[in-house]
Every structure is written in structure tokens, then in C-alpha cells.
Amino acid sequence: MTHTDSHTDVTAPLLQVSGLKVHFPLRPGLFGKPAAMVKAVDGVDFTVHRGETLGLVGESGCGKSTTGLAVLRMTPLTEGRIVFDGEDISHPDAATTKRLRRKMQMVYQDPFGALNPRMRVLDIIGEPLRVHRLTRTRAEYRERVMDLLDRVGLKAEMADRYPHEFSGGQRQRIGIARALAADPSLIICDEPVSALDVSIQAQVINLLEDLQRDLGLTYLFVAHDLAVVRHLCHRIVVMYLGRVVEVADRERLYQAPRHPYTRALLGAIPIADPDPVVQARFNPSVDGEVPSPIDPPPGCPFHPRCPHATDLCRREAPRPIDVEDGHSVACHLHDPSRVAEMNHSEPSYQEQARNIA
Amino acid sequence: MSLSIQTPAAAAPATPPRRRTRPKTLRFLQRLCKERPLGALGAMICLVLLLTGLFADVIAPEGFNAINPIERLKAPSAEHWLGTDQLGRDVFARIVHGAQLSVIVAFAATTLSIVISALLGILSGYFGGRLDMVIQRLVDGWMCFPDLILLIVAVAVLGPGTWQVILILGLLFGISGSRIIRGAVLSAKQNVYVHAAQSMGASSTRILLKHILPNVMAPLIVLYTTRLAAVILAESGLSFLGLGIPPPEPSWGGMLSLDGRSYMFQAPWLAIAPGIALTVAVFGINMFGDALRDLLDPRMRGGGGRYLARVKRTIGS
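What you see is a predicted model; the values in this text were computed from it and never measured.

**Quick look at the overall build of chain B**
Counting its regular elements, chain B contains 13 helices and zero strands. Counted from the first residue to the last, chain B has its helices and strands arranged as α-α-α-α-α-α-α-α-α-α-α-α-α. Counting all 317 residues of chain B, 44% fall into the buried class. Within chain B, contacts between residues separated by at least 24 positions form 72% of all contacts whose residues are at least 6 apart in sequence. Here chain B has roughly 16300 Å² of accessible surface; of this, 69% comes from carbon and sulfur atoms.

**Here we look at the interface of chain B and chain A**
Where interface size is given, it is often the accessible area lost as the parts come together that is meant. Each partner contributes residues to the interface: chain B has 34 residues there, and chain A has 45 residues. Taken together, the two surfaces of chain B and chain A that pack against each other cover about 3700 Å², and 59% of this comes from carbon and sulfur. One can count one salt bridge joining chain B with chain A. Residue B:R206 pairs with A:E127 through a salt bridge whose shortest N-O separation is 3.1 Å. Counting the contacts that link chain B with chain A gives 12 residue pairs in polar contact (both at pLDDT 80 or more).

**Re the UniProt feature "domain: ABC transmembrane type-1" (unreviewed entry) in chain B**
UniProt's feature table lists "domain: ABC transmembrane type-1" (unreviewed entry) at residues 99-289 of chain B, given in the numbering used throughout. Spanning residues 99-289 of chain B, this segment combines 84% helix with 0% strand, and its end C-alpha atoms are found 19 Å apart.

**Points about the pairing of strand β8 (residues 218-223) of chain A**
Residue and element names in this part refer to chain A. Of all the six residues making up β8, six are buried; the element is thus mostly covered by neighbouring parts of the structure. Neither face of β8 is exposed, since T218, L220 and V222 on one face and Y219, F221 and A223 on the opposite face are all buried. Where strand β3 (residues 53-57) meets β8, five bridges bridge the pair, whose relative direction is parallel. Pairing of L54 across the sheet is with L220, part of β8.

**Observations concerning the pattern of salt bridges**
All names here are of chain A. In this structure the tally under the stated criterion is 24 salt bridges over all chains. Its salt-bridge partner being E59, residue R305 comes within 3.5 Å of it at the nearest N-O pair. Of this pair, R305 sits in the loop between α10 (276-281) and α11 (311-315) while E59 sits in the loop between β3 and α1 (64-71), and the two are 246 residues apart along the sequence. A relative accessible area of 14% places R305 in the buried class. Linking R314 and D311 is a salt bridge whose minimum nitrogen-to-oxygen distance equals 3.5 Å. Placement of both R314 and D311 in helix α11 is noted, with a separation of three residues, approximately one turn of the helix. Here the residues in one salt-bridge network are R120, D123, R130, R142 and D160, joined through shared partners.

**Observations concerning a nonpolar patch on the surface**
A cluster of nonpolar side chains, B:L47, B:L51, B:L54, B:F55, B:V58 and B:I59, forms an exposed patch at the surface whose accessible area comes to about 610 Å². Tracing the backbone through its elements, the reader meets B:L51 in helix α2 (residues 37-54).

**Thoughts on the pairing of strand β9 (residues 235-240) of chain A**
All names here are of chain A. Counting buried positions along β9 gives six out of six residues, so the element sits mostly inside the fold. Of the two faces of β9, both are covered, the one formed by R235, V237 and M239 as well as the one formed by I236, V238 and Y240. Of the strand pairs in this sheet, β3 and β9 are connected by four bridges, and their pairing is parallel. Paired with V57 across the bridge in β9 is V238. Examined bridge by bridge, β9 and strand β10 (residues 243-249) share six bridges and lie antiparallel to one another. Counterpart to Y240 in the pairing with β10 is R243. Between the antiparallel neighbours β9 and β10 lie two residues, among them L241 with a positive phi of about 50 degrees.

**Considerations on the nonpolar core**
The biggest cluster of nonpolar side chains holds 61 residues, and the ones touching the most others in it are A:I176, A:L180 and A:F221. A:I176 has contacts with A:V107, A:V152, A:V204, A:L207, A:L208 and A:L211, leaving out every residue within four places of it along the chain. Core analysis: the second largest hydrophobic core is formed by 39 residues, B:A99, B:L172, B:A277 and B:A281 among them.

**Digging into the packing of aromatic side chains**
Residues and elements named next belong to chain A. This model, assessed by the stated rule, comprises four aromatic pairs over all chains. Both rings, one in Y240 and one in F302, keep their centres 5.0 Å apart while their planes meet at 80 degrees; by these two values the pair is edge-to-face. In this pair, Y240 sits in strand β9 while F302 sits in the loop between α10 and α11, placing the two residues 62 residues apart along the sequence. Of the residues examined, F302 reaches a relative accessible area of 1% and is grouped as buried. An aromatic cluster of three or more residues is present, and its members are Y240, Y261 and F302. When the ring centre of Y141 is taken as reference, the NZ or CZ atom of R130 above it lies at 4.1 Å.

**Focus on the UniProt feature "transmembrane region" (unreviewed entry) in chain B**
The sites that UniProt annotates as "transmembrane region" (unreviewed entry) are residues 37-56, 101-127, 148-172, 221-245 and 265-289 of chain B. Within the segment residues 221-245 of chain B, helix and strand shares are 80% and 0% respectively, and the terminal C-alpha atoms sit 27 Å apart.

**A look at the sheet that holds β8(A)**
All names here are of chain A. Strand order in the open sheet formed by eight strands is β6-β7-β8-β3-β9-β10-β12-β11, and the pairing between neighbours is mixed. If you trace the sheet from one side to the other, it starts and ends with β6 (104-107) and β11 (321-324), each paired once. Between one strand axis and the next, the sheet turns through 25 degrees on average, direction left out of account. Strands in contact with helix α2 (residues 94-103) are β6 and β7 (186-190); relative to β6, the strand with the most contacts, it is inclined by about 50 degrees. In the packing of helix α9 (residues 260-267) onto the sheet, the strands contacted are β3, β9 and β10, and the crossing angle to β9 comes to about 105 degrees.

**Side note on the confidence of the model for chain B**
All names here are of chain B. Averaged over every residue, the pLDDT of chain B is 79; the share at 70 or more is 86%. Ranking the elements of chain B by mean pLDDT puts helix α13 (residues 305-316) last, at 54, and helix α8 (residues 192-199) first, at 92. Interface confidence for the predicted complex, given as ipTM, is 0.83, next to a pTM of 0.77.

**Overview of unusual backbone geometry**
Backbone geometry follows two general trends: most residues other than glycine have a negative phi, and most peptide bonds adopt the trans configuration. All names here are of chain A. Unlike most non-glycine residues, D183 shows phi in positive territory, near 60 degrees. Its location among the elements puts D183 in the loop between α5 (168-181) and β7. The backbone of L241 shows a phi angle near 50 degrees, a positive value even though the residue is not glycine. Turning to its location among the elements, L241 is positioned in the loop between β9 and β10. The exposure class of L241 is buried, given its relative accessible area of 5%.

What counts, and where the lines are drawn
Residues numbered from 1 in each chain as written. Chains lettered and ligands numbered in written order. Predicted model: local features only at pLDDT ≥ 70, side-chain atom pairs only at ≥ 80, totals over all residues. Heavy atoms only, no water. Helix = DSSP H or I, 4+ residues; strand = E, 2+ residues; numbered from the N terminus. Buried < 20%, exposed > 50% of the residue type's maximum accessible area, 1.4 Å probe, protein only. Contact = heavy atoms within 4.5 Å. Areas by Shrake-Rupley, 256 points an atom, 1.4 Å probe, with all protein chains shown as cover. Buried area = accessible area lost by both parts, 1.4 Å probe. Salt bridge = Lys/Arg side-chain N within 4 Å of Asp/Glu carboxyl O. Polar contact = N/O pair within 3.5 Å; in protein donor to acceptor, adjacent residues only side chain to side chain. UniProt positions renumbered as here; feature names shortened; annotations may be inferred. Pairing = 2+ DSSP bridges. Patch = residues over 30% accessible without salt bridge, like charges linked within 9 Å, V, L, I, M, F, W, Y side chains within 5 Å. Core = buried A, V, L, I, M, F, W, Y, C linked by side-chain atoms within 4.5 Å. Phe/Tyr/Trp six-rings, centres within 6.5 Å; stacked < 30°, edge-to-face > 60°. Lys NZ or Arg CZ within 6 Å of the ring centre and 35° of its normal. Axes fitted to C-alpha atoms, helices over the stretch in contact; angles between N-to-C directions. pLDDT = per-residue confidence, 0-100.

Right under this line is the structure:
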């Protein structure tokens, strides 16, 4: 399997997402006027480089899966721009869509629902080959599927079986083999291991890593399991309520998280042997619930739960600030031009004490 | 967490042996007999029904319309196996020839109705939106009228006769059945594998044929077998009203309702014989349909051996 048609600059990023917004109408009225909009994704920017794994993390409902679907062009954009392999795919025509359907593939969360129970593994894995007419003869088709089965660590004689004869981990391997069939350049993994047992998770993660090394794949890895993300992803995008709050390399994000939400998220990872010194680096757990994406709070989306929130946060949404090379944070606390304002709007302890006296 | 578990290495031969060696039909028949004995019985009944229909002239060569006033309303005997009716016609011969007509009408009308149901249901359910809205409102409108009124109007317009009955019954059952298929399609459409097929760029035709249709096969088969029985009954109802198959032609429904009802007490065999024929036919079709539904589902595979084992155990003890 080789990348034969990389006609663009190989150093350019594979995927660039800017200002992505995906809003869903809630209960569309009989005559077209929707009652409200769910702002699932509300202004997201990130870049995926060739050969890397970009993690997209956040709690349920933060819009990470919707972002994945938008990149795959399976859900319409409300606003924003997606550039894939040097080509604007925000509003693709039929021919571009057809090409995209080959170059991007998806691995699904549920290994039981993602495979048609009425099809043999041979035809499940070979479906992209059929759809894009990539093989000419039956023998070539079969041989190609055998290669794919071998790649994902399944035996060739499994090709004639049906999905229900396999375990969850094996099914996920079948799903991965199917995603590889059309020789894609980007694979979107939507929580590919969260439905599996921990030991099986490790196997599937190893498989994904091996495939990336051997085939030079690029992954957009949507997940909520921070341990898995830490193991697999090179860079991580943290999302909250449809926005990006922090982007950083894996090491920097886990060692020195900047955004209060990221700190809380990392602080929520259960630790077998808690070290009070380590724990103290992170915020105490955050109270409250995620606000509704139908009516997101004004200003910073995290301010109702943030222990550092000030009037500025309630008023104005923070812009992403580059705190280091490749590490950006959307928080007024880390914006040198705004820190002064924050101190103004929030009386210090000394001031408070003076007022009481 | 240490993630050093090795992925199992597959030492796969270049050309693996194919698992299937026996021809598909033979394998299917074997499974039918082994896993669903009742289904096999049903299949045999269906086969007998078909053969009776095909070779009616050979089985009852004297014909269904040989009127013999001297022999009228005779009880079953060696000469007339199922007795004779009020015109002295041999009931057995009429049943055999009626099988021909019933089989043609029932299968043709049911097949037509299933094709209509599947077409409307799949289009409406899969594509949704405005098309769904239009189709479903038309179906609503159609279903507002009582079946019998529609039948009477249709026959009044088209005139009585075999093809008219097939057409009108097929349309009637087809349109109401489309609701059931639409529901099944709506639920099948939600499957992740349909999303997967869409995301890899499969055409709607491919998705409908490879992913949706096989997964609504179970309700289709059940609908087919239940509708088959309903069509036979509806045809008898029409014949009773004089709107179905015109009288000299023998149809089971007509025999049951016209002759059977009038002479129920003098000659009960007139009602019993076509009644049993109907019951056996419907039973056979239903059993075969159920077996077909189960055997076509790959998830049910290999489960039937247990049935045989249980039977053997029962016989053994």
C-alpha cells in the first residue's frame, strides 16, 4: 500500500479546520422556522499534520464527534472552512465528494453496530473496493481482502464468516481493515476503543500504532479516555461546549496544562496512588453541569464552572493565545493583554478586606 | 498502563481454502430439514400445492365442471373421494382445479402486494423528507376507505375476472403493507453500518440493496406469508359477493362461501373439503415462511442442531 497520488506539498498540513461551526435546528417547525439551534460546534480551529495522530478530547456533548463528522463531510457546515490535502472541501461538488469518500475513512465506536450482520467479512472489508471499483477481478478482490485481514491480525479463513461469529476486538479489527481498504490518507477514529475491554483496548491501540508506522496514516482520534489519548496521540485538542479551549503537544498538555478546564479534566483521571503534591498542581474538581449548547453562556463558555472566572470572562469570549510554540490556550488568564483587566474587575483580597473594614 | 501486548500474528496461507464446497441449494435444504422440520413440512405442502395446480388436469382428468344431476350432493365414496356438490360435480376435482386458481391468484396478488409494499416502504423510509410526506399522505388517503368499498368500486370499474382480482388485491394489500416496511426501514436506516456505507461513498442503490433490503427481509417474509392467507380469504369474500372469480370456475373461497354455506347441513363435506384445503395451504405457507425467515438470518445459523439433539434425547429416554 503506497500513497500514489499525493499531488500536493507533503510538508503542508493534511487537514486545516478554521472557524468551524455546526448548528443543528431543534425541532424544525412545520413551515421551516426552527424553534432553536443546538450549537454543537461553535467556532473550532485546528490543524492535522501528515502522519500524526491528533486527539480530540472533551466530555460528552462537547462537539468532538460532530467535529469528526463535519470533517468527514457527513454533516453540513453552518460556517467555517475545511481544507483537506490542499483542497477546500467546505462545500464539495459531487466529484470532490466521491474522492473524499475514498481518502477519508471512519472507524466507529460500536464494533457490534458498525458491521452489517448479513454480510460476510469478505464483503464488509471489501465494500470500499467495490464502491470505488479498485479491483478488477474477483481473485484480485479476494487477495486484497486477505492482505487487509492479515494486516489487522486476523486469519484468512475468517473471510467467509459473519460478524456475529467474532468478539468485540476482532470486530473492531474488521472495522479497521475496512477503513484501510480504500488506501485513505486520513482515518477518523470515533472512540474506537471505548466499547472494548481494557486488555483488548491495548491490542487495538497497538494495532493502530503499527498501522500508522507501516502505512504512514494520519489519525483524527476522537476520545474521552485521557489515558488512551495520552498513549496514542501526538497532539491534543481539548474541546468544551463546541469550542477549543487548549491545543498542545501530548507532553506539554499532560505536564503543564494551562486552561482551568484542562486542569480539571486531567485532575479527574483516577490515580492508583495519589500523590498530594501532584494532585495540588491541578484544580479541585469542577462543580456543576455542562451548560446547554442550545443556550451557551455569554463570554467564555467555561465561566459558570471556572474557579477563576471574572466579569471579563462573563462578558467576552477569550481568543486562543499562543503561550508557547504549538501550545495555545483560550483563556483570559493567559492573555498578557487582558490579565490587567481581570485584576481590575475582580477586587483583590486586600481590597475586599479594606472594604469590609 | 503498559501497552505491549502483541497483536496475534496471522500465518495466513496465500489462498485459503473456501469453506463452502456443497452447492448452495442442497446445503439450504439440508439445513431446512435439520433445523426447521416444521418448515420442511410447510415447504412440502407448498410444493404439493404448486404441483396440484400445475397438473390439475392429470390428477382430475374428468374436469371440474362435469355436471351430473343424478349424483348431486352425494357423500364421499370410493368414486367421489370428497363427495359431490348440488350440481353433482366432483368436489375433489373442483378442489384440485381450485388449487390452480387459488394458487395463481394468491401468489400473484401477494407478490404484487409485497413488491408495492417494499417499493413504497423503502423509498418512503430511506429517503424521508418531502417524498416520505407525499407518499405517506397518499397512503393515509387510501387507507381511509374501507377495503370492501374499494374492492367493489374497482371491480365495478374493471369488471370481474382473475386478473382484475389479482390487480386490485395486490394494490389493496400492497399499499397498507408499505407502512410496516417503512417502519422497518426507518429502524434499519439508523444502523451504524448504514452510516459507514454512506461515509465510504456507497450509492443509494447499493445501500438499499445490500444494507437495507437484507435487513428488512424478516418483516417482508412475515408480511408475505400472512398476506398470502389474507389474499385467499379476501378472494373468497369477493367471490361470495359475486365480484371475484365468476362462478363456473372453481375457487376455494367461492366453494366455501357459495356452495358450502348453502348446503352446510345436507352436505357438510362441501364446506369441510375446501376449508381443510385452505387451512392446510395457509399453515404450510406460514411454516415455510417462518423457517425461511430464520434460515436467511446468518445470526440464527448453527442453532438448529439443538432441536435435533432434543428430539433424539426425547426418543432415547
